[in-house]
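Listed below, chain by chain, are the residues.
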Amino acid sequence: MSNNNRLRIAIQKSGRLSKDCQELLKQLGIKLNLREQRLIAHATNMPIDVLRVRDDDIPGLVMDGVCDLGIVGENVLEEAQAERARSGNKGSVKKLAKLDFGYCRLALAWPQELGKQDKSWFSGKRIATTYPEILSKYLEREDIDASVVMLTGSVEVAPRAGLADAICDLVSTGATLEANGLMQGDTILESNACLIQNEMLKDAGKLALIDKLMPRLRGVKQAKE
Ligand code: PRT
Ligand code: ZN
């Protein structure tokens, strides 16, 4: 990237968090000229560049210092951190703020026709998920001997397709579980979008800019309460 002293912020290009992220940047006073297909948008009134990427790439970009800040779901952040910790791959981020959008929960679910089940039912079962690290940690913590099947999409059809006995997926209204004949069980993680920063960031100018933006962020949050 050409200009290294501009603060780089990674946000989701298109998806559930994009609109709220763009709105938040606007409320922070960052003026952007967002063109649909562009990967990078340059702020016109501050030394800030916004990178628009897939949400799954955001923790890694910030951990590796390619971007200084990022906005991502805590679910995606936790999965990426657990993955890095397991593979011994360095790179750390700190959470600067929990944001008031992107709420969802990561929950277990199984076919409704099986009726209510407790944790012991999961022993020996196969659970499909996009969050194998978070799920494995939960299973370990709860001493449940189940196996984990990693799927990157359409997790909710896994039981019907015979790929798994149960699932562990994100839920917001519950309509998707309902439509797929699944019953919701324990919540493993509650998640909001959050603002993260590369922990190794040392550039005084960038740190000063972040210090200027944080009170504005707190102001935006308070105004909504
Ligand atoms: O393309 P890219 O990789 O960037 O996007 P994506 O498709 O991976 O993510 P996206 O845009 O679907 O979600 C981005 C983030 O929004 C997630 O990582 C969460 O932090 C947050 N979020 C909030 C959700 C939901 N709510 C949500 N309901 N992410 C996904 N869902 C899905 C869920 O997986 C299930 O398929 O919506 C369905 C359930 O919704 P209900 O309302 O039927 O319960
Ligand atoms: Zn994604």
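Residues numbered from 1 in each chain as written. Chains lettered and ligands numbered in written order. Predicted model: local features only at pLDDT ≥ 70, side-chain atom pairs only at ≥ 80, totals over all residues.

Looking at an unreviewed UniProt entry, the protein carries the name ATP phosphoribosyltransferase, with the source organism given as Pseudoalteromonas qingdaonensis. Listed under Pathway (unreviewed entry) in UniProt, the entry text for the protein is "Amino-acid biosynthesis; L-histidine biosynthesis; L-histidine from 5-phospho-alpha-D-ribose 1-diphosphate: step 1/9." Its UniProt record, at the heading Catalytic activity (unreviewed entry), says of the protein: "1-(5-phospho-beta-D-ribosyl)-ATP + diphosphate = 5-phospho-alpha-D-ribose 1-diphosphate + ATP". (UniProt positions renumbered as here; feature names shortened; annotations may be inferred.)

A. The overall build of the protein, seen in detail. Across its full length, the protein holds 6 helices and 11 strands. The dimensions of the protein, computed from C-alpha atoms along their principal axes, are 60 × 35 × 35 Å. Across the 225 residues that make up the protein, the buried fraction comes to 33%. Pairs at least 24 residues apart make up 68% of the contacts formed inside the protein by residues separated by at least 6 positions. (Helix = DSSP H or I, 4+ residues; strand = E, 2+ residues; numbered from the N terminus. Buried ≥ 20, exposed ≤ 12 C-beta atoms within 10 Å, placed from the backbone. Contact = placed C-beta atoms within 7 Å.)

B. Layout of the sheet that holds strand β7 (residues 126-129). Taken in spatial order, the 5 strands of this open sheet run β8-β7-β9-β6-β10, and their pairing is mixed. In this open sheet, the two edge strands, each paired with only one partner strand, are β8 (147-150) and β10 (182-191). Between one strand and the next, the sheet's axes are offset by a mean angle of 30 degrees, whatever the strand orientation. With 5 bridges connecting them, strand β6 (residues 104-111) and strand β9 (residues 166-171) associate as antiparallel partners. Residue pairing across strands places Ala 109 opposite Ile 167, the latter belonging to β9. Seen against the sheet, helix α3 (residues 74-87) touches β6, β9 and β10 and runs at an angle of roughly 75 degrees to β10. (Pairing = 2+ DSSP bridges. Axes fitted to C-alpha atoms, helices over the stretch in contact; angles between N-to-C directions.)

C. Just the sheet that holds strand β11 (residues 193-198), in detail. In spatial order, the strands read β2-β3-β1-β4-β11-β5; together these 6 strands make up an open sheet with mixed pairing. For this open sheet the edge positions go to β2 (40-42) and β5 (93-98), each flanked by a neighbour on one side alone. Direction aside, the axes of adjacent strands within the sheet are offset by 25 degrees on average. Here β5 runs beside β11; their pairing, made up of 5 bridges, is antiparallel. The residue of β11 that forms the bridge with Ala 97 is Leu 195. Contacting β4 (69-73) and β11, α3 runs over the sheet at an angle of about 105 degrees to β4.

D. Examining the site of ligand 1 more closely. Taken together, 21 residues sit near ligand 1, with Gly 15, Gly 73, Cys 104, Thr 173 and Thr 176 positioned nearest. Among the secondary structure elements, those contributing two or more residues to the shell around ligand 1 are α3, β9 and α5 (175-179). If one sorts the elements of the shell around ligand 1 by residue count, β9 sits on top with 3 residues. Among the residues making up the shell around ligand 1, the classes are represented as 6 nonpolar, 10 polar and 5 charged. Counting contributing residues, the shell around ligand 1 receives three or more from each of domain 1 (7-102 + 192-224) and domain 2 (104-191). (Near = placed C-beta within 6 Å. Nonpolar A, V, L, I, M, F, W, Y, C, P; charged D, E, K, R; others polar. Domains from an automatic or database assignment.)

E. Quick peek at unusual backbone geometry. We note that Asp 143 has phi near 55 degrees; this positive angle belongs to a residue other than glycine. Phi angles above zero are rare outside glycine, and Ser 154 is one such case at about 50 degrees. Along the chain, Ser 154 turns up in the loop between β8 and β9. Given 13 C-beta atoms within 10 Å, Ser 154 falls into the partly exposed group.

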